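Topology and contacts: notes
This is what each chain is made of:
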Number of protein chains: 2
Amino acid sequence: MSGAGAHGGSPASPAGPENGLGLSRRVPDLGALQLLLAVARLGSLGRAARECGVSQPAASSRVRAMERQLGIALLERSPRGSRLTGAGALVTDWARRIVESAEVFDAGVQALRGRRDSRLRVAASMTIGEYLLPGWLIALRARHPDTVVSLAAGNSAFVAERLRSGEADLGFVEGLTVPQGLDGAVIGHDRLLVVVPPAHPWARRRRPPDARELAATPLILREEGSGTREVLAGALGELAVPLHEFPSTTAVKAAVIGGAGPAVLSELAVGEELAARRLVAVPVEGVALRRALRAVWPKGQRPPAGPVRDLLGLSRLRR
Amino acid sequence: MSGAGAHGGSPASPAGPENGLGLSRRVPDLGALQLLLAVARLGSLGRAARECGVSQPAASSRVRAMERQLGIALLERSPRGSRLTGAGALVTDWARRIVESAEVFDAGVQALRGRRDSRLRVAASMTIGEYLLPGWLIALRARHPDTVVSLAAGNSAFVAERLRSGEADLGFVEGLTVPQGLDGAVIGHDRLLVVVPPAHPWARRRRPPDARELAATPLILREEGSGTREVLAGALGELAVPLHEFPSTTAVKAAVIGGAGPAVLSELAVGEELAARRLVAVPVEGVALRRALRAVWPKGQRPPAGPVRDLLGLSRLRR
DNA sequence: CACCGCTCATAACCCCAGCTTATGCCCTGA
DNA sequence: TCAGGGCATAAGCTGGGGTTATGAGCGGTG
């Protein structure tokens, strides 16, 4: 109660409906969330404290503070342990999503810091590096905790250059062809989707737009776009007129959700938004926007060995 | 680009299985991440500081601390502003996903604390309440900032009871039928997916399992499951033998990823995992696991008005 | 019955992360 | 040349979070 005034100043910022950092006042920090997950899993504050490497009073106090902060009772404490409240279960699920995002962040950062002593140097396209690789690295770390990975991200030419010059051991690219001088294996596919916000006309029309209309419509694209643009240009014959370019995929998504126009993005990038109905994929007749995801390595280097093989195996998943 | 500074300072980790809360040591807190997003968007530390309501030195110091913590140079500072590094752009994208998860968390919690003065009391099934409603609430808050929502989550019977007793103004259920005494409108559909980890035999077989094999296989289910179980039982004739029950959807996912067995989950719950290839959906021949998502309200209450109408509109999205 | 083991809570103390204000340097545009 | 925006540094303060020590319920057990 006493609803935390949160000083309603909403200064209608340009490219975003959300504002300020009141969030960090209303959302517990990662440590507290992890603690909550541990309690949910282990059924006891004390055990959770031990697993998290803190003292039991610290855990107790922390969870209590979190309950005060949220205004919700999360745990049913008893002399025999602690169970989640109904609301607590829901909160825990939302918390787990934050923690998972943090794990992705961490795995990405760990790789990105590019240590010299890395046993596995990876070069990846932006899309794969951003959305797929962190997950693989988390899995890899679970299996081979000692493997240190370094990551460099760029377009296909960048990946190829890194491999040829020996600055990377393994590469990942999306696109139509294997870059010259490299061997490769298809590890999966993704589709490029035309996405619009749910309120957009294309989301409501019975007849979806055809290739002609798509090509005539200004689109929001990521700058440079390499793989994305290549496939798009091939499918449409000539490149659609870009409405605006943004530095990152997520910035593009934010712009689309904000109503700036349609965009063409990998399904990898918009899975969550589609599920949450924040974006809608519009089918476009007669346009095949499927492309291969490939692992690549220097030509002739026959059997990828050691850590390279480990990661390659993890990346080779069905479909 | 995106080379990332070398910076060999690696603080000899304690060779532990990193299960604890080392994450919170390696991942900056929400405030810092929001600050980074603001800098990326506004192009200047000072402007970002102002938007976030802190002093410029605080912002500067905070970002600097973050760079030290991550071991990555995020910004190119110049006397005319600050731009993101190549690596910084990647990090910022990962950061944005954390912040978005936090917004979902916040929206959910705000609704869950159930204020007495709520202008809109919603009762929803677990799946809708967990995955869809927070997104709608974020959108609702952007459009009608004054609307205060309270949320109660349970199974279909629970939702129906809340509506009939006048404790809720609007309900959301997934399932085959409209509960007795309620009016409803279909707002969308979802499918139940059989999911397994990528290494599971079903993910590799050319011939997917049929209904018979599915029904004979122990599955991981959420306890009580209401909507999910109802549809599943209807499709399989008799209920599959549950291998284990978990208290929350996310716990089920974690178990599946960990190799505990196949599960049947809403596509809403696994969109991200599918995109990231942490889970694989297995098609099952001859089994239709599609179900309707419905908004429901007390019978006779003709035109949903005011806030009810607002939220109803937001929830009525294509497909 | 009394004891031990488990649970959670409270109390007193400590430490560092992060905020603030005040100031200085650098670059650019008028 | 000066004004102004942008970033960095230097002091001093506050509080959240951690620790150890201790107490209080409840349950199985000799």
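Residues numbered from 1 in each chain as written. Chains lettered and ligands numbered in written order. Predicted model: local features only at pLDDT ≥ 70, side-chain atom pairs only at ≥ 80, totals over all residues. Heavy atoms only, no water.

The name an unreviewed UniProt entry assigns to chain A is LysR family transcriptional regulator, from the organism Streptomyces gossypii.

**Details of the overall build of chain A**
This is how it is decided: Put simply, DSSP H or I for four residues or longer makes a helix, DSSP E for two residues or longer makes a strand, and each gets a number counted from the N terminus. Burial classes: relative accessible area under 20% of the type maximum marks a residue as buried, over 50% as exposed, and values in between as partly exposed (1.4 Å probe, protein chains only).
Helix and strand counts for chain A stand at 13 helices and eleven strands. By the burial criterion, 55% of the 319 residues in chain A qualify as buried.

**Details of the protein's contact with DNA strand C**
Rules: Note on definitions. A residue lies near a molecule or strand when any single heavy atom of the residue is within 4 Å of it. For this analysis, a polar contact is any N or O atom pair within 3.5 Å, provided that within protein one partner can donate a hydrogen and the other can accept it, and provided that sequence-adjacent residues contribute only side-chain to side-chain pairs. Three residue categories are used. Nonpolar comprises Ala, Val, Leu, Ile, Met, Phe, Trp, Tyr, Cys and Pro, charged comprises Asp, Glu, Lys and Arg, and polar comprises the others, including Gly.
Surveying the vicinity of DNA strand C reveals 22 residues, the closest of which are Leu 45, Ser 60 and Arg 77 of chain A together with Ser 55 and Arg 62 of chain B. Across the atoms of DNA strand C situated within 4 Å of the protein, the share located in sugar and phosphate is 73%. In the environment of DNA strand C, a phosphate oxygen lies 2.9 Å from a nitrogen or oxygen atom belonging to the backbone of Gly 46 of chain A. Here a sugar or linking oxygen of DNA strand C and a backbone polar atom of Pro 79 of chain A are 3.3 Å apart. Residue assignment for the surface near DNA strand C shows that the elements contributing at least two residues are α3 (45-52), α4 (56-70), β1 (75-78) and β2 (81-84) of chain A together with α4 (56-70) of chain B. Looking at side-chain class alone, the surface near DNA strand C contains seven nonpolar, eight polar and seven charged residues.

**A word on the relation of the copies chain A and chain B**
Heads up, the condition is: The copies were overlaid with a least-squares fit restricted to C-alpha atoms from residues scoring a pLDDT of at least 70 in each copy. The contact criterion used throughout is that any non-hydrogen atoms of two residues lie within 4.5 Å.
In screw terms, the move from chain A to chain B is a rotation of 180 degrees and a rise of 0.1 Å along the axis, fitting with an RMSD of 0.1 Å. Overall, the copies show the geometry of a two-fold rotation axis. When the interface residues of chain A are mapped onto chain B, 88% of them again lie at the interface, so the same face is used by both copies.

**A word on the pairing of strand β11 (residues 290-298) of chain B**
Residues and elements named next belong to chain B. What counts, and what does not: Strands are treated as partners if at least two bridges between them are detected by DSSP.
With respect to burial, β11 is a largely interior element, eight of its nine residues being buried. As paired elements, strand β5 (residues 170-175) and β11 share five bridges and run antiparallel to each other. Bridge pairing in β11 places Gly 175 opposite Ala 292. As defined by bridge partners, strand β6 (residues 182-196) adjoins β11 across nine bridges and the pair is classed as antiparallel. Of the residues in β11, the one forming a bridge with Leu 182 is Pro 298.

**Focus on the protein's contact with DNA strand D**
As a structural note, the neighbourhood of DNA strand D is formed by 22 residues, with Ser 55 and Arg 62 of chain A together with Ser 60, Arg 77 and Ser 82 of chain B the closest of them. In the interface set of DNA strand D, defined as its atoms within 4 Å of the protein, sugar plus phosphate atoms amount to 68%. With respect to DNA strand D, the side chain of Ser 55 of chain A contributes an N or O atom lying 2.8 Å from a phosphate oxygen. Taking Gly 46 of chain B, its main chain carries an N or O atom lying 2.9 Å from a phosphate oxygen of DNA strand D. Within the residue set of the surface near DNA strand D, elements represented by two or more residues are α4 of chain A together with α3 (45-52), α4, β1 (75-78) and β2 (81-84) of chain B. The residue makeup of the surface near DNA strand D, split by class, is seven nonpolar, eight polar and seven charged.

**What about the interface of chain A and chain B?**
In plain terms, the rule: Put simply, a salt bridge is a Lys or Arg side-chain nitrogen that is within 4 Å of an Asp or Glu carboxyl oxygen.
The interface is formed by 80 residues belonging to chain A together with 79 residues belonging to chain B. Applying the counting criterion to the chain A and chain B interface returns two salt bridges. Among the ionic pairs, Arg 26 of chain A bridges to Asp 106 of chain B, the shortest N-O distance being 2.8 Å. Applying the counting criterion to the chain A and chain B interface returns nine residue pairs in polar contact (both at pLDDT 80 or more).

**A word on the packing of helix α2 (residues 30-42) of chain B against helix α5 (residues 86-112) of chain B**
Residue and element names in this part refer to chain B. Note the threshold: To get an axis, a line is fitted to the C-alpha atoms, and for a helix only the part in contact is used. The angle between two axes follows their N-to-C directions and goes from 0 to 180 degrees. Each angle is binned into one of four classes, with values under 35 degrees roughly parallel, values over 145 roughly antiparallel, values of 65 to 115 roughly perpendicular, and all other values oblique. Should the near helix be turned counterclockwise from the far one by less than a right angle, the crossing is left-handed, whereas a clockwise turn marks it as right-handed.
In the contact formed by α2 and α5, the axes pass within 9 Å of each other and the chain directions differ by 125 degrees. By the angle between their axes, α2 is oblique relative to α5. Helix-helix and strand crossings are classified by hand; for α2 and α5 the assignment is left-handed. Taking contact as the criterion, the partners of Leu 30, Leu 33, Gln 34, Leu 36, Leu 37 and Ala 40 in α2 are, on α5, Val 91, Thr 92, Ala 95, Arg 96, Ile 98, Val 99 and Ala 102. Its residues assigned to classes, the contact of α2 with α5 comprises ten nonpolar, two polar and one charged.

**Section: α4 of chain B**
In an α-helix, one turn spans 3.6 residues; hence positions three or four apart end up facing the same way. Just so we agree on the cut-off: Expected helix span is computed as 1.5 Å times (number of residues minus one). This arc is taken over the directions from the axis of the helix to the C-beta atoms.
Here α4 of chain B spans 21 Å end to end across 15 residues, near enough to the 21 Å set by a 1.5 Å rise per residue. If you check which residues of α4 of chain B are buried, you get Ala 59, Val 63, Met 66, Glu 67 and Leu 70 of chain B. The buried side chains of α4 of chain B occupy one side of the element, clustering within an arc of 100 degrees when seen end-on. Exposed side chains of α4 of chain B directed beyond 90 degrees from the buried face belong to Pro 57 and Arg 68 of chain B. The elements touched by buried residues of α4 of chain B are α5 (86-112) of chain A together with α1 (23-26), α2, α3, β1 and α5 of chain B.

**As for the packing of aromatic side chains**
Residue and element names in this part refer to chain A. Our working definition: The criterion for an aromatic pair is that two Phe, Tyr or Trp rings (for Trp, the six-membered ring) have centres within 6.5 Å, with stacked assigned to planes under 30 degrees apart, edge-to-face to planes over 60 apart and tilted to the rest.
Here the structure, examined in full by the defined rule, presents two aromatic pairs over all chains. Ring geometry for Trp 136 and Phe 172: centres 4.9 Å apart, planes at 55 degrees, overall tilted. Here Trp 136, found in helix α6 (residues 126-143), pairs with Phe 172, found in strand β5 (residues 170-175); they are 36 residues apart in sequence, far enough to count as distant. Given a relative accessible area of 3%, Trp 136 falls into the buried group.

**Structural notes on the environment of Lys 299 of chain A**
Residue and element names in this part refer to chain A. Note that Lys 299 resides in the loop between β11 (290-298) and α13 (306-315). Look at Lys 299 and you get exposed, because its relative accessible area is 57%. Along the primary structure Lys 299 and Pro 262 are separated by 37 residues, whereas in three dimensions their C-alpha atoms are 39 Å apart. If sequence neighbours within four positions are ignored, Lys 299 has contacts with Gly 181, Leu 182 and Asp 183.

**A short note on α2 of chain B**
All names here are of chain B. With 13 residues, α2 ought to run about 18 Å at 1.5 Å a step, and its terminal C-alpha atoms sit 18 Å apart, in line with that. In terms of residue burial, α2 counts as a mostly covered element, since eleven of its 13 residues are buried. Taken together, the buried positions of α2 are occupied by Leu 30, Gly 31, Ala 32, Leu 33, Gln 34, Leu 35, Leu 36, Leu 37, Ala 38, Val 39 and Ala 40. Positive phi shows up at Gly 43, right after α2, with a value of about 80 degrees.

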